[in-house]
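# Structural features, examined
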Amino acid sequence: MITEWYRNKGYDFTITTSTAYDHKWIPNRNIFQSISDVVDELFSNFLSRPNVQQPILTQYCDGKNVSCPNWMSQWGSKSLGDQGYSAIEIIHNYYGDSMYINETEEISGIPSSWPGTNLELGSSGEKVRQMQSQLNVISNSYPLIPKIAVDGIFGPNTENAVKIFQKVFGLAQDGIVGFKTWYKISEIFVGVSRIAELV
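Residues numbered from 1 in each chain as written. Predicted model: local features only at pLDDT ≥ 70, side-chain atom pairs only at ≥ 80, totals over all residues. Heavy atoms only, no water.

## Overview of the packing of helix 5 (residues 126-141) against helix 6 (residues 156-168)
To keep it simple, the criterion reads: Here the axes come from fitting lines to C-alpha atoms, over the contacting stretch only for helices, and the angles between their N-to-C directions go from 0 to 180 degrees. Elements are defined by DSSP. Helices are runs of H or I of four residues or more, strands are runs of E of two residues or more, and each kind is numbered from the N terminus. When an angle is under 35 degrees it counts as roughly parallel; over 145 it counts as roughly antiparallel; between 65 and 115 it counts as roughly perpendicular; any other value is oblique. Take the far helix as your reference; a near helix turned counterclockwise from it by less than a right angle gives a left-handed crossing, and one turned clockwise gives a right-handed crossing. It only takes one pair of heavy atoms within 4.5 Å for two residues to be counted as in contact. Lys, Arg, Asp and Glu make up the charged group, whereas Ala, Val, Leu, Ile, Met, Phe, Trp, Tyr, Cys and Pro make up the nonpolar group; the residues left over, Gly among them, are polar.
One can describe the packing of helix 5 onto helix 6 by two numbers: an axis separation of 11 Å at closest approach and a directional angle of 50°. The orientation of helix 5 with respect to helix 6, classified from their angle, is oblique. Crossing angle aside, the handedness with which helix 5 passes helix 6 is left-handed. Where helix 5 abuts helix 6, its residues Met131, Gln132, Leu135 and Ile138 lie against Thr158, Ala161, Val162 and Phe165. Considering only residue class, the contact of helix 5 with helix 6 consists of 6 nonpolar, 2 polar and no charged.

## A look at the pattern of salt bridges
Close approach of charged atoms lets side chains of opposite charge pair. Rule in force here: We define a salt bridge as a contact between a side-chain nitrogen of Lys or Arg and a carboxyl oxygen of Asp or Glu at a distance within 4 Å.
Going through the model one piece at a time under the given rule, you end up with 3 salt bridges. The residue Lys78 makes a salt bridge to Asp82 at a minimum N-O spacing of 2.6 Å. Here the residue Lys78 and the residue Asp82 both occupy positions in helix 3 (residues 74-82), the gap between them amounting to 4 residues, near one helical turn. The partner of Glu187 in a salt bridge is Lys184, with the nearest N and O atoms 3.4 Å apart. Here Glu187 and its partner Lys184 are both found in helix 7 (residues 179-198), 3 residues apart, which amounts to about one turn of the helix.

Put into structure tokens, the structure is as follows:
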């Protein structure tokens, strides 16, 4: 999250190291895989209120070591989850019923957002065609991935190319283009395309 906290104090930067104002990523820091998986699934979602254009910053604290009245707390949220509350019900508990979960139409740096449903054997359409085209571009730099017809039909050859892509990039080799595989294809496609532009 980026806020205007320090800009308002006269500084020329917006990123802090305090979760009271934003979040910090530390390279090579240990992570919890379960949290990483959830972030990968949810990072295109954000909180909104009716007639508010920008995402809503929901501040929180742990609720054990630090008390923060009127803020969401990590352990309080866990307790509500243990009681069967859904994510939106937890949000409503802290921020009121007018808050809702919105989803981005486009993620910066990604050619096109995930279609919302898995692409797999038997799927067809423009999203399949786009994914096939991106895999072919990627195969120029990763020749283990076979070239496939860009016909918008997810057949056995496309499934095989997806499985090989997943193997090369350490994903579950199920041949299905779900959320993680879609964005990994997009990430690698953007990377190899930019490399090609520089040559």
